[in-house]
Amino acid sequence: MAVGMLQTLQGVTKEQYDQVNEAMFGQSPPSANQVPEGLIIHSAGPAENAGYIYDIWEPREAFQRFMDDKLGPAVSQVFGDQPPPPGSEPQFFEIESLAAPR
């Protein structure tokens, strides 16, 4: 089943977002052939004093593999030992209906 993943990152800048992407993929944004397995759609942008990420993954375990293998190490590389911003834990939502052009 597909899941939506919403993450709000207080105080994270576009430059830091780009640095994390560059650590994972060598560029920001990644090219089409670098999209992680299981990712259906990725969106990111500014929010008030924060950034947001909204993805759709299928299955949810694909996000966890990406987090463990790519995202976690890249975040550590960019931010070091800093704790994540409060409230930045990903929130997951089951998707019952999804229409997207293919």
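Placed above this text is the structure.
Quick notes on the rules
Along each chain, the written sequence defines residue order, and numbers are assigned to residues from 1. Per-residue local features of the predicted model are confined to residues with pLDDT of at least 70, and side-chain atom pairs are confined, for both listing and counting, to 80 or more; whole-chain, interface and lining totals are unaffected and use all residues. For the side-chain quantities, the full set of heavy atoms in the structure was used; hydrogens and water were omitted. We treat two strands as partners when DSSP finds at least two bridges between them. Strands are runs of DSSP state E lasting at least two residues, helices are runs of H or I lasting at least four, and both sets are numbered from the N terminus onward. Residues enter a nonpolar core if they are buried and are Ala, Val, Leu, Ile, Met, Phe, Trp, Tyr or Cys, with the set joined through side-chain atoms within 4.5 Å. For every residue, the accessible area (1.4 Å probe, protein chains only) is compared with the maximum for its type, and the residue is labelled buried under 20%, exposed over 50%, or partly exposed between those bounds. The salt bridge criterion pairs a side-chain nitrogen of Lys or Arg with a carboxyl oxygen of Asp or Glu, the two atoms within 4 Å.

Visitor: So, the pairing of strand E1 (residues 3–10): which residues are in play, and what are the values?
Guide: Every regular strand shows the same layout, with side chains that alternate between the two sheet faces. The sheet contact formed by E1 and strand E3 (residues 50–57) spans 8 bridges and is antiparallel. Across the sheet, residue threonine 8 finds its bridge partner in E3, namely tyrosine 52. Pairing of E1 with strand E4 (residues 91–94) involves 4 bridges; the strand directions are antiparallel. Bridge pairing links methionine 5 to phenylalanine 92 in E4.

Visitor: Tell me about the nonpolar core, residues and numbers included.
Guide: Counting residues in hydrophobic clusters, the biggest one holds 15 residues, and the most contacted among them are Met5, Val20, Met24, Trp57, Phe66 and Leu71. Taken together, the elements giving at least two residues each to this core come down to E1, helix H1 (14–25), E3 and helix H2 (60–79). Sort the elements by how many residues they give to this core and H2 lands first, with 5 residues.

Visitor: Describe the pattern of salt bridges, and please don't skip the residues or the numbers.
Guide: Per the counting criterion, the structure on display carries 1 salt bridge. Note that lysine 14 is salt-bridged to aspartate 18, the shortest N-O span being 2.8 Å. Placement of both lysine 14 and aspartate 18 in helix H1 is noted, with a separation of 4 residues, approximately one turn of the helix. By relative accessible area, lysine 14 is classed as exposed at 56%. Relative accessible area serves as the criterion here: at 17%, aspartate 18 is assigned to the buried category.

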